[in-house]
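# Architecture and fold: a report
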Amino acid sequence: MTVPRGAYAVDIRDGRVGVVMGRVGPYVQLRPPGGGREWDCPPGDLRPAPPGEVLRARVRQRNAEGRLP
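Moving on, we get to the pattern of salt bridges. Evaluated as defined, the whole model comprises four salt bridges. Among the salt bridges present, the one from Asp 14 reaches Arg 16, with a minimum N-O distance of 2.7 Å. Asp 14 gets classed as partly exposed once you look at its relative accessible area, which sits at 45%. Judged by relative accessible area, which is 37%, Arg 16 ranks as partly exposed.

Structure (structure tokens):
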């Protein structure tokens, strides 16, 4: 599955939602919606993220930021 750069995608291996940052070798690089460490995902293990999943990922990120000291 080809998901364009800047779009939200789901890594079906573990259900994480990320923003497509680009490609490195055979992998697509994803970053959490609020920023953070990128991870690599094989293109065959991606699917476009529906709006509800994107919203949930953003809310989780905001909640985590609110708990920081």
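So much for the structure itself; the text now carries on.
A few words on the nonpolar core. Grouped burial of nonpolar side chains is what soluble globular proteins tend to show. Ranked by size, the top nonpolar core spans eight residues in total: Val 3, Ala 9, Val 20, Val 28, Leu 30, Trp 39, Cys 41 and Leu 46. Counting only elements with at least two residues in this core, the list comes to strand E3 (27-31) and strand E4 (39-41). Setting aside residues no more than four positions away along its own chain, Trp 39 makes contact with Asp 11, Arg 13, Arg 16, Val 17, Gly 18, Val 28, Gln 29, Leu 30, Arg 31 and Pro 32. Within the second largest apolar cluster, five residues are counted, among which are Val 10, Val 17, Ala 49 and Val 54.

With 16 residues, helix H1 (residues 51-66) extends 23 Å between its outermost C-alpha atoms, agreeing within 8% with the 22 Å of an ideal straight helix rising 1.5 Å per residue. Within H1 the residues assigned to the buried category are Glu 53, Val 54 and Ala 57. Along the long axis of H1, the arc covered by the buried residues comes to 105°, so they all point the same way. Residues of H1 that are exposed and point more than 90 degrees away from the buried face comprise Pro 51, Leu 55, Arg 62 and Gly 66. In this structure, the buried side of H1 is in contact with strand E1 (8-11), strand E2 (16-24) and strand E5 (46-48).

This brings us to the side chain of Glu 53. Within the secondary structure, Glu 53 sits in helix H1. On the accessibility criterion, Glu 53 (18% relative accessible area) is buried. At 3.1 Å, the side chain of Glu 53 and the side chain of Arg 47 are in polar contact. Residues in contact with Glu 53, not counting those within four places in the same chain, are Val 10, Val 17 and Arg 47.

Across the chain, the average pLDDT comes to 90, with 96% of residues at or above 70. Here H1 stands out as the least confident element of the chain, with mean pLDDT 86; E4 is the most confident, with 97.

Cut-offs and rules
Residues numbered from 1 in each chain as written. Predicted model: local features only at pLDDT ≥ 70, side-chain atom pairs only at ≥ 80, totals over all residues. Heavy atoms only, no water. Salt bridge = Lys/Arg side-chain N within 4 Å of Asp/Glu carboxyl O. Buried < 20%, exposed > 50% of the residue type's maximum accessible area, 1.4 Å probe, protein only. Core = buried A, V, L, I, M, F, W, Y, C linked by side-chain atoms within 4.5 Å. Helix = DSSP H or I, 4+ residues; strand = E, 2+ residues; numbered from the N terminus. Contact = heavy atoms within 4.5 Å. Expected span 1.5 Å × (residues − 1). Arc of directions from axis to C-beta. Polar contact = N/O pair within 3.5 Å; in protein donor to acceptor, adjacent residues only side chain to side chain. pLDDT = per-residue confidence, 0-100.

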